[in-house]
Amino acid sequence: MAADVKSKRPYQSPRRRAQAAATRSEILDAAQRRFEGNGYAATTMAEIAKEAGVALKTVYLAFQTKSGLLRTLWNLLLRGDESDQPVAERRWYLDVLEEEDPERRLRLNASNSTNGKRRISAILEVIRSAAALDPDVATLWQRIQTDYHANQRAIVERLHERGHLNPALDIERATDILWTLNHPNTWQLLVVDRGWTPEQYEQWTGDLACEQLLRPRRAGGKQQRKR
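These numbers were taken from a predicted model, which means no experiment stands behind them.

Reading the values: the criteria
Residues numbered from 1 in each chain as written. Predicted model: local features only at pLDDT ≥ 70, side-chain atom pairs only at ≥ 80, totals over all residues. Heavy atoms only, no water. Helix = DSSP H or I, 4+ residues; strand = E, 2+ residues; numbered from the N terminus. Buried < 20%, exposed > 50% of the residue type's maximum accessible area, 1.4 Å probe, protein only. Contact = heavy atoms within 4.5 Å. Salt bridge = Lys/Arg side-chain N within 4 Å of Asp/Glu carboxyl O. Axes fitted to C-alpha atoms, helices over the stretch in contact; angles between N-to-C directions. Parallel < 35°, antiparallel > 145°, perpendicular 65-115°, else oblique. Nonpolar A, V, L, I, M, F, W, Y, C, P; charged D, E, K, R; others polar. Core = buried A, V, L, I, M, F, W, Y, C linked by side-chain atoms within 4.5 Å. Arc of directions from axis to C-beta.

Visitor: Please provide a residue-by-residue account of the overall build of the chain, values included.
Guide: The helix and strand tally for the chain stands at 11 helices and zero strands. Reading the helices (α) and strands (β) of the chain from amino to carboxyl end gives α-α-α-α-α-α-α-α-α-α-α. Taken over 227 residues, the chain has a buried fraction of 39%. Contacts spanning at least 24 positions in sequence make up 63% of the contacts within the chain whose residues lie at least 6 apart.

In structure tokens:
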């Protein structure tokens, strides 16, 4: 009898799962509009629920807290889906690490950075601004900084392993340079505040990354390699 009871699992219909996913998506969309339009502090869970057309209880059941909702929204925009797979395991990031040509590697990284900023720049500014107001958001902001630095470091380490890194730089200094070039604050200054186009940003960050991080080229255009 115990085995029969243990084997039984609650049935979840595909329709119910689809409805739950649609409701979750509507809440996240509403939260993005509210956070980006009004800021984190001025946005309430009740306003998000009203805009999403759901009960306030539904929002709390799905995300527990306002900071939890913001964290989920951040992960969705950063990764493009709600999978738990981190950026370091995403195909678009692995393509950068696996690229053998050092200049193409850095330009592909600049392209990925630009594409990502199109999705995340506005909500990232919300997170940065709210970090001083909410300890949970401050923790999220710090995690974003740490993860992004680590991902850029892995790219620099690959350049070093292949003998492509500028010998005037160590891994730490080179990582700081690449991190700064592709940092959301740099995008905010140039694209949002100064009106650069995303294409100009991508070209500039790619050019400067190659100029700063790669070994100087010999006459004829070929990059010097470590002997």
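Alright, that's what it looks like, and here's the rest.
Visitor: Could you give an account of the pattern of salt bridges, naming the residues involved and the relevant values?
Guide: Under the counting rule described, the total for this entry stands at 15 salt bridges. One salt bridge connects glutamate 125 with arginine 128, and the closest N-O pair in it is separated by 2.5 Å. On the criterion of helical spacing, the pair formed by glutamate 125 and arginine 128 is a turn pair, its members being three residues apart in helix H7 (residues 102–130). Relative accessible area serves as the criterion here: at 23%, glutamate 125 is assigned to the partly exposed category. Using a relative accessible area of 36% as the deciding quantity, one classes arginine 128 as partly exposed. When salt bridges that share partners are traced, they join Glu100, Arg158, Glu161 and Arg162 into one network.

Visitor: So what about the packing of helix H9 (residues 171–181) against helix H11 (residues 198–213)? Which residues, and what values?
Guide: Here H9 crosses H11 at 170 degrees, and the two axes come no closer than 10 Å. As far as their axial angle goes, H11 and H9 are roughly antiparallel. Every residue of H11 that contacts H9 at Ala174, Ile177, Leu178 and Leu181 is listed here: Tyr201, Trp204, Thr205, Leu208, Ala209, Gln212 and Leu213. Counted by class, the contact of H9 with H11 contains nine nonpolar, two polar and no charged residues.

Visitor: Explain the packing of helix H2 (residues 14–38) against helix H4 (residues 56–63) to me, and be specific about the residues and the numbers.
Guide: Two elements in contact, H2 and H4, have axes separated by 11 Å at closest approach and are oriented at 95 degrees. Relative to H4, H2 is oriented roughly perpendicular. Packed against H2, whose contacting residues are Thr23, Arg24, Ile27 and Leu28, the element H4 presents Thr58, Val59, Ala62 and Phe63 at the interface. Classifying every residue of the contact of H2 with H4 gives five nonpolar, two polar and one charged.

Visitor: Report on the nonpolar core, specifying residues and quantitative values.
Guide: Phe35, Leu69, Trp74, Leu106, Ile127 and Leu213 are the most contacted members of the largest nonpolar core, which totals 48 residues. The contact partners of phenylalanine 35, leaving out residues within four places of it in the chain, are Tyr40, Thr43, Ile48, Lys66, Leu69, Leu70, Leu73, Ile123 and Val126.

Visitor: Could you give me a rundown of the environment of alanine 31, with the residues and numbers involved?
Guide: Among the secondary structure elements, alanine 31 is positioned in helix H2. For the pair formed by alanine 31 and alanine 52, sequence separation is 21 residues and the distance between their alpha carbons is 8.3 Å. Setting aside anything within four residues of it in sequence, one finds alanine 31 in contact with Ile48, Leu69 and Leu73.

Visitor: Tell me about helix H3 (residues 45–52), residues and numbers included.
Guide: Those residues of H3 that sit buried are Met45, Ile48, Ala49 and Ala52. In a view along the axis of H3, the buried residues occupy a sector of 100 degrees, so they form one face of it. For H3, the secondary structure elements touched by its buried residues are H2, H4 and helix H5 (66–79). Where H3 terminates, the next one or two residues include glycine 53, which has phi positive at roughly 75 degrees.

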